[in-house]
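# Structural characterization, general
Here is what each chain is made of, one letter per residue.
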Amino acid sequence: MDGYAVEVDGLVKRFGDLTAVDGVSFNVGRGEVFGFLGPNGAGKTTTINMLCTLLAPTEGTARVNGFDIRTQRNEVRESIGLVFQDPSLDDRLTANENLDFHAVIYAVAPSERERRKKEVLEMVDLLDRADDLVITYSGGMKRRLEIARGLLHYPKVLFLDEPTIGLDPQTRSHIWDYIDELKKREGNTIFLTTHYMEEAEHCDRIAIIDRGKIIALDTSENLKNMVGGDVIRIKTEDDARAEEELKARFGVSILEDRDCVCFEVERGEEFIPRVIRELGVRIQAISLHRPTLDDVFLKLTGREIREEEADGLGDLRNLARVRPPFAR
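Residues numbered from 1 in each chain as written. Predicted model: local features only at pLDDT ≥ 70, side-chain atom pairs only at ≥ 80, totals over all residues. Heavy atoms only, no water.

### A look at the sheet that holds strand β10 (residues 213–218)
Backbone-to-backbone hydrogen bonds join strands into a sheet, with any given pair of strands oriented parallel or antiparallel. Pairing in this open sheet of 6 strands is mixed, and the strands run β6-β7-β8-β3-β9-β10 from one edge to the other. Single-partner strands in this sheet number two, and they are β6 (80–83) and β10. Going from strand to strand, the sheet's axes swing by 15 degrees on average, the running direction of each strand aside. (Pairing = 2+ DSSP bridges. Helix = DSSP H or I, 4+ residues; strand = E, 2+ residues; numbered from the N terminus. Axes fitted to C-alpha atoms, helices over the stretch in contact; angles between N-to-C directions.)

### Things to note about the pairing of β10
Side chains on a regular strand alternate between the two faces of the sheet. When strand β9 (residues 205–210) meets β10, the two strands line up antiparallel, connected through 5 bridges. Pairing of Ile206 across the sheet is with Asp218, part of β10.

### A short note on the pairing of strand β7 (residues 157–161)
With 5 of its 5 residues buried, β7 lies for the most part within the structure. One ladder, built from 4 bridges, connects β6 with β7; its direction is parallel. The residue bridging Leu82 from the neighbouring strand is Phe159, located in β7. Sheet topology places β7 next to strand β8 (residues 189–194); 5 bridges connect them, and they run parallel. Bridge pairing in β8 links Leu158 to Ile190. (Buried < 20%, exposed > 50% of the residue type's maximum accessible area, 1.4 Å probe, protein only.)

### So, the confidence of the model for the protein
On average, residues of the protein score 88 in pLDDT, and 91% of them are at 70 or above. Confidence, expressed as mean pLDDT per element, reaches its minimum in the protein at helix α12 (residues 315–319) with 41 and its maximum at strand β5 (residues 67–68) with 98. Long-range and interchain partners of residues 307–328, a stretch whose pLDDT sits below 50, account for 49 contacts in this model, where long-range means more than four residues apart. (pLDDT = per-residue confidence, 0-100. Contact = heavy atoms within 4.5 Å.)

### Brief notes about the sheet that holds strand β11 (residues 230–236)
Strand order across the open sheet formed by 4 strands is β12-β13-β11-β14, with antiparallel pairing between neighbours. A strand with exactly one partner marks an edge of an open sheet, and here the two such strands are β12 (254–255) and β14 (283–289). Here 2 bridges tie β12 to strand β13 (residues 261–265), and the two strands are oriented antiparallel to one another. Considered in β13, the bridge of Ile254 is made with Phe263. The strands touched by helix α10 (residues 268–278) are β11, β13 and β14; relative to β14, the strand with the most contacts, the crossing angle is about 170 degrees.

### Observations concerning the side chain of Asp230
Tracing the backbone through its elements, the reader meets Asp230 in strand β11. Residue class for Asp230 comes out buried when judged on its relative accessible area of 8%. Of the polar contacts made by the side chain of Asp230, one reaches the backbone nitrogen of Gly268; its length is 2.8 Å. Other than its neighbours up to four places away in sequence, Asp230 contacts Phe263, Glu264, Val265, Arg267, Gly268, Glu269, Leu288, His289, Arg290 and Pro291. (Polar contact = N/O pair within 3.5 Å; in protein donor to acceptor, adjacent residues only side chain to side chain.)

### What about the packing of aromatic side chains?
Applying the stated criterion across every chain yields a total of 9 aromatic pairs. Put simply, the rings of Phe26, Phe34, Phe36, Phe159 and Phe191 pair up and form one aromatic cluster. Over the ring of Phe15 we find Lys13, and its NZ or CZ is 5.3 Å from the ring centre. (Phe/Tyr/Trp six-rings, centres within 6.5 Å; stacked < 30°, edge-to-face > 60°. Lys NZ or Arg CZ within 6 Å of the ring centre and 35° of its normal.)

Okay, structure coming up:
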């Protein structure tokens, strides 16, 4: 379909008795920021490795930029950019030299190479460090350079595998500033994996994957609407009386909470002024909790998103360092 940059149909990957990816199907629109959200070990990296032709599917297939990942591997590779989960720069070279090497591999014409290098380095605020050895860079700077390198050859789809893993919160925020700017300036399709809930909020749509299966796929807002309304917690001079009045006058159902009066309503920001104005008990404290993607994951799986060892497929990251083919 012309409207899709990525089309996935029944993709499966097994390693012996382990099914790492279990029949996933989805489409990614052109120009979309699409997020694969799930805990470590859920199958995110394995899926990206199949879409980037670094792993052959056990079953199913996919098309990336219209090319079949089984039969047109070179064409897929030539049309994508990929930022690996683990560092893959040569830190004994400068930023310029890393980009030059990438430009040669992807046959970026010498006549446009310097202009393109300047563009991508400016985009990630590294132009003034272009001739410094990468070994002198911070973790955040290296990540930004990897993103710049992934964009050098004008890829139609940019794959980002856990783009901010291991970075401090401030640096993660800056990386996302660059990714958001990238979408505006370049119009690339961006396919990213993450286990950070707040990062998924940047995506146009999110697929939640757990134990190899997609368990939900929608916009962030629609996913959070699955959970229910906003949760309001209040502390009053007489919580028992407040509960009775809230049930009788406002028709709310009280949720169990030992420390305060807790209930769920739609459009909580509109309800709070009313309850402050009309409740016949003096309110000492009030808070509003909107559903989050954590709440969505908890509702869908019965547990919080977890930190686990990755797929047990660490050797696949070494596969990810295979040299991409020369562009034809």
